[in-house]
Amino acid sequence: MSLADKIVLITGASSGIGRATARAFLKAGARVVLTGRREDRLRDAATDAAPGAALCLPCDVSDAAQVDALFARIGETFGRLDVTFNNAGNNVPAAPIDEISVEDWQKVLNVNLHGAFLIARGSFALMRRQDPQGGRIINNGSISAHVPRPGSVPYTTTKHAITGLTRTLSLDGRAFDIACGQIDIGNAASEMTEHFQTGLPQANGSIMPEPVMDVGHVADAVLNMANLPLSANIQFMTIMATKMPFIGRG
């Protein structure tokens, strides 16, 4: 299967994993819809894209009306959607649950879970009704979909929930040739992980630096998942910095 001229939606495309993945899909010849909150950063991510290959559409994924408008625009422009990388996410500072405000809890849920639901919902609807029917949804889980970091109730809760979303979409999508997989990422170098190399709290109470990996490896992995025919699916993939303390964590 070739990604040339495939229509790909990437959320959280203005920075980090989303930006690197959007650029990788564009390099592979796909036509990419980049979405995030800041149009200037989306356009910067699409620098050097071939004419007509990138469509930058600002969107708050936690706002149902904006997400509906996003999918209406994709339908009007391309008439179909082949791949969605459901990647947008955020976090708040680590704290015990009794020190986490309801506002911070809701802030993480609104993007990481509610937003992921809205994007999956819109993608599924378009893929189900297009001709030919079908497509692929790739959810960004996290190492935290398996085990938590200390003080991470909001983030870890949402990432465990993403696994449930992935499994249910995989089941419900069978009748419509919609495949769904999840990539669980550990310590990819980005703006969100700059502090990892200076020291992070560990399960035993210590503080220690953690290695990171180039974000380009994550982008390559997402392309590998997307490049399969719809008759095959990578249900779950874990990609991480080799020496990060994941195995044995907890």
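Coordinates for the structure precede this section.
Bear in mind that the values here come from a model prediction, so they are computed numbers and not experimental data.

Analysis parameters
- Residues numbered from 1 in each chain as written.
- Predicted model: local features only at pLDDT ≥ 70, side-chain atom pairs only at ≥ 80, totals over all residues.
- Heavy atoms only, no water.
- Helix = DSSP H or I, 4+ residues; strand = E, 2+ residues; numbered from the N terminus.
- Buried < 20%, exposed > 50% of the residue type's maximum accessible area, 1.4 Å probe, protein only.
- Phe/Tyr/Trp six-rings, centres within 6.5 Å; stacked < 30°, edge-to-face > 60°.
- Core = buried A, V, L, I, M, F, W, Y, C linked by side-chain atoms within 4.5 Å.
- Contact = heavy atoms within 4.5 Å.
- Pairing = 2+ DSSP bridges.
- Axes fitted to C-alpha atoms, helices over the stretch in contact; angles between N-to-C directions.
- Expected span 1.5 Å × (residues − 1).
- Arc of directions from axis to C-beta.
- Polar contact = N/O pair within 3.5 Å; in protein donor to acceptor, adjacent residues only side chain to side chain.

A. Quick look at unusual backbone geometry. A cis amide bond links D131 with the next residue in sequence, P132, at an omega value of 5 degrees. Within the element layout of this structure, P132 appears in the loop between α4 (102-129) and β5 (135-140). Within the chain, D48 stands out as a residue other than glycine whose phi angle is a positive 75 degrees. Within the fold, D48 resides in the loop between α2 (39-45) and β3 (54-58). For D48, a relative accessible area of 72% translates into the label exposed. Phi is positive for N187, which is not a glycine, with a value near 65 degrees. Tracing the chain through its elements places N187 in the loop between β6 (178-186) and β7 (200-201).

B. Here's a closer look at the packing of aromatic side chains. Scanning the model with the defined rule gives 1 aromatic pair in all. With a centroid separation of 5.8 Å and an interplanar angle of 80 degrees, the aromatic rings of F124 and F176 are classed as edge-to-face. Taken together, the positions of F124 in helix α4 and F176 in the loop between α5 (153-173) and β6 put the pair 52 residues apart, joining distant regions of the chain. Residues F124 and F176 agree in their burial class; the two are buried.

C. Summary view of the nonpolar core. Core analysis: the largest hydrophobic core is formed by 40 residues, its most contacted members being F25, V32, L34, I183 and V218. The element best represented in this core is helix α6 (residues 215-226), accounting for 8 residues. Setting aside residues up to four positions removed in sequence, L34 forms contacts with I10, A13, A22, L42, A45, A46, A54, L55, C56 and L57. Among the nonpolar cores identified, the runner-up in size contains 29 residues, and I74, I119, M127 and F176 belong to it.

D. A look at the sheet that holds strand β2 (residues 31-36). Overall, parallel pairing links the 7 strands, which are arranged β3-β2-β1-β4-β5-β6-β9 in an open sheet. Looking at which strands have only one partner, the edges of the open sheet turn out to be β3 and β9 (236-240). Each neighbouring strand pair of the sheet contributes to a mean axis angle of 15 degrees, computed without reference to strand direction. Two elements, strand β4 (residues 83-86) and β5, share 4 bridges in a ladder whose sense is parallel.

E. Broad picture of helix α3 (residues 64-78). Compared with the 21 Å implied by 1.5 Å per residue over 15 residues, the 21 Å span of α3 between its first and last C-alpha is a close match. What α3 keeps buried is the set V67, L70, F71, I74 and F78. Along the long axis of α3, the arc covered by the buried residues comes to 90 degrees, so they all point the same way. Away from its buried face, by an angle of more than 90 degrees, α3 presents the exposed residues A65 and E76. Packing partners of the buried residues in α3 comprise β1 (7-11), β2, β3 and α4. The backbone nitrogen of A65 lies 3.0 Å from a side-chain oxygen of the residue at the head of α3, namely D63. G79, located one to two residues past α3, shows a positive phi value of around 80 degrees.

Coordinates in, geometry out; function isn't part of it.
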